[in-house]
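Below, each chain spelled out in residue letters.
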Amino acid sequence: MRPISVGKNLVASVKTTIYQIPKGHFAEWLLLYVSNANGVNKEVTVWWYDKTANTEVLIIDRYPLTSSQFLKFDSSAYVVLEEGDEIRILTEAGSVMSCVNTFNIFASNTSPLV
């Protein structure tokens, strides 16, 4: 297992792929942290792209963040992501937001059930 954190300054109104699980690996998605640095309220939407099912799963739908507020979910629970799965984020037009995501990455030959 190897932990990795990925941070991005998000471009407003652009759906951004935050991280794609590498070939031959799976991951535990432990942390999502999104911060609103704008002076006004703006919304954020988050998806998990499940490559196996070729579908986007809505995780957070247009969550309103007030000025200087943040959104966080952390390791009290986690999402298991497989090879090729992605985390995608879209922020509202005119927003100034950034995000940090943390994953535990495992080789596919390692069972998460052990």
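Check the entry above for the structure.
Residues numbered from 1 in each chain as written. Predicted model: local features only at pLDDT ≥ 70, side-chain atom pairs only at ≥ 80, totals over all residues. Heavy atoms only, no water.

Caption draft 1: Representation of the sheet that holds strand β2 (residues 16-20). Pairing is antiparallel in the open sheet, where 4 strands are placed in the order β2-β8-β4-β5. If you trace the sheet from one side to the other, it starts and ends with β2 and β5 (55-65), each paired once. Along the sheet, successive strands turn relative to each other by an average axial angle of 20°, direction set aside. Bridge count between strand β4 (residues 42-50) and β5: 8 bridges; the pairing is antiparallel. Residue Trp 48 lies in a different strand from β5, and its bridge partner there is Val 57. (Pairing = 2+ DSSP bridges. Helix = DSSP H or I, 4+ residues; strand = E, 2+ residues; numbered from the N terminus. Axes fitted to C-alpha atoms, helices over the stretch in contact; angles between N-to-C directions.)

Caption draft 2: Just the pairing of strand β8 (residues 86-91), in detail. Of all 6 residues making up β8, 5 are buried, and the element is well covered by its neighbours. Pairing analysis gives 4 bridges linking β2 to β8, with the strands arranged antiparallel. Bridge assignment links Gln 20 to a residue of β8, and that residue is Glu 86. Bridging between β4 and β8 involves 6 bridges; their strand directions are antiparallel. Paired with Trp 47 across the strands is Arg 88, a residue of β8. (Buried < 20%, exposed > 50% of the residue type's maximum accessible area, 1.4 Å probe, protein only.)

Caption draft 3: The arrangement of the nonpolar core in detail. Judged by nonpolar contacts, the single largest core of 23 residues is most densely connected at Val 34, Val 44, Val 46, Ile 87, Ile 89 and Phe 103. If you list the elements that add at least two residues to this core, you get β1 (2-10), β2, β3 (25-36), β4, β5, β8 and β9 (97-107). Beyond its immediate chain neighbours, meaning those up to four positions away, Val 34 contacts Val 44, Leu 65, Gln 69, Phe 70, Leu 71, Ile 89, Met 97, Ser 98 and Cys 99. (Core = buried A, V, L, I, M, F, W, Y, C linked by side-chain atoms within 4.5 Å. Contact = heavy atoms within 4.5 Å.)

Caption draft 4: Spatial organisation of the pattern of salt bridges. In this structure the tally under the stated criterion is 5 salt bridges. With its nearest N and O atoms 3.2 Å apart, the salt bridge here joins Arg 62 to Glu 43. Of this pair, Arg 62 sits in strand β5 while Glu 43 sits in strand β4, and the two are 19 residues apart along the sequence. (Salt bridge = Lys/Arg side-chain N within 4 Å of Asp/Glu carboxyl O.)

Caption draft 5: Focus on the packing of aromatic side chains. Scanning the model with the defined rule gives 5 aromatic pairs in all. Seen in terms of ring centroids, Trp 29 and Phe 73 are 4.9 Å apart; in terms of plane orientation they differ by 70°. Their pairing is edge-to-face. Of the two residues, Trp 29 sits in strand β3 while Phe 73 sits in strand β6 (residues 70-73), which places them 44 residues apart along the sequence. Relative to Phe 70, the ring of Tyr 33 has its centre 5.1 Å away and its plane inclined at 25°; by these criteria the two rings are stacked. Here Phe 70 lies in strand β6 and Tyr 33 lies in strand β3, a separation of 37 residues in the sequence. Above the ring of Trp 47, the side-chain terminus of Lys 15 is found at 4.0 Å from the ring centroid. (Phe/Tyr/Trp six-rings, centres within 6.5 Å; stacked < 30°, edge-to-face > 60°. Lys NZ or Arg CZ within 6 Å of the ring centre and 35° of its normal.)

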